[in-house]
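The primary structure of each chain is shown beneath.
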Amino acid sequence: DNKFSNLLYRSSAVIGPGHNAEWMEDDEGNYWMLYHGWKASDTDAGRVAYLDRVYWDEDGWPYFKNARPSVSSPSPVFTA
C-alpha cells in the first residue's frame, strides 16, 4: 500500500470525493469522516455530503474500505 496515495477515490456513484468537512469519533470509539462529493448521476445538483467510517492500519494510517465511498454503512453511535 502506498501511504501517500489518495485517501478516497471516485466511484461509479460519487465523483470527486474529498473536501473533508469533519472527522469525528463516536461513542463506540469508531472514527467517521464527513466529506463532499458530486453524485455521478446528477452533477448539476452540486456537492453532496457523505459520511463514511474511517479505519486505521497497523501503522496508524487512516483508510476507507476499498478506498471508495461506501454504498451503505452502519451509522455512528452517539448516545448523548
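Residues numbered from 1 in each chain as written. Predicted model: local features only at pLDDT ≥ 70, side-chain atom pairs only at ≥ 80, totals over all residues. Heavy atoms only, no water.

**Remarks on the overall build of the protein chain**
Inference 1: For the protein chain, the helix and strand inventory stands at zero helices and four strands.
Inference 2: Going residue by residue from the N terminus, the α and β elements of the protein chain occur as β-β-β-β.
Inference 3: By principal-axis analysis of the C-alpha atoms, the protein chain measures approximately 35 × 35 × 20 Å.
Inference 4: With 80 residues in all, the protein chain has 22% of them scored as buried.
Inference 5: Of the roughly 5,600 Å² of accessible surface on the protein chain, a fraction of 49% belongs to carbon and sulfur atoms. (Helix = DSSP H or I, 4+ residues; strand = E, 2+ residues; numbered from the N terminus. Buried < 20%, exposed > 50% of the residue type's maximum accessible area, 1.4 Å probe, protein only. Areas by Shrake-Rupley, 256 points an atom, 1.4 Å probe, with all protein chains shown as cover.)

**Quick notes on unusual backbone geometry**
Inference 1: Despite not being glycine, asparagine 66 has its phi angle at roughly 65 degrees, a positive value.
Inference 2: As for its position among the elements, asparagine 66 is in the segment after strand 4 (62-63).

**Here's the deal with the sheet that holds strand 3 (residues 47-56)**
Inference 1: If you walk across this open sheet you meet the four strands as 1-2-3-4, and the pairing is antiparallel. The open sheet terminates on both sides in strands that have one partner only, identified here as strand 1 (14-25) and strand 4.
Inference 2: Relative to strand 2 (residues 31-39), strand 1 runs antiparallel, the two sharing seven bridges. The residue bridging methionine 24 from the neighbouring strand is tryptophan 32, located in strand 2. (Pairing = 2+ DSSP bridges.)

**Brief notes about the packing of aromatic side chains**
Inference 1: One pass over the structure, following the stated rule, counts five aromatic pairs.
Inference 2: Measuring from centroid to centroid gives 5.8 Å for tyrosine 35 and tyrosine 50, while their planes differ by 25 degrees, and the two rings are stacked. Placement of the pair is tyrosine 35 in strand 2 and tyrosine 50 in strand 3, with a sequence separation of 15 residues.
Inference 3: Relative accessible area serves as the criterion here: at 17%, tyrosine 50 is assigned to the buried category.
Inference 4: Arranged with centres 6.4 Å apart and planes meeting at 65 degrees, the rings of tyrosine 35 and phenylalanine 64 form a pair that is edge-to-face. A residue pair is termed long-range when its members are at least 10 positions apart, and tyrosine 35 in strand 2 and phenylalanine 64 in the segment after strand 4 qualify at 29 residues.
Inference 5: Its relative accessible area of 0% is what places tyrosine 35 among the buried residues. (Phe/Tyr/Trp six-rings, centres within 6.5 Å; stacked < 30°, edge-to-face > 60°.)

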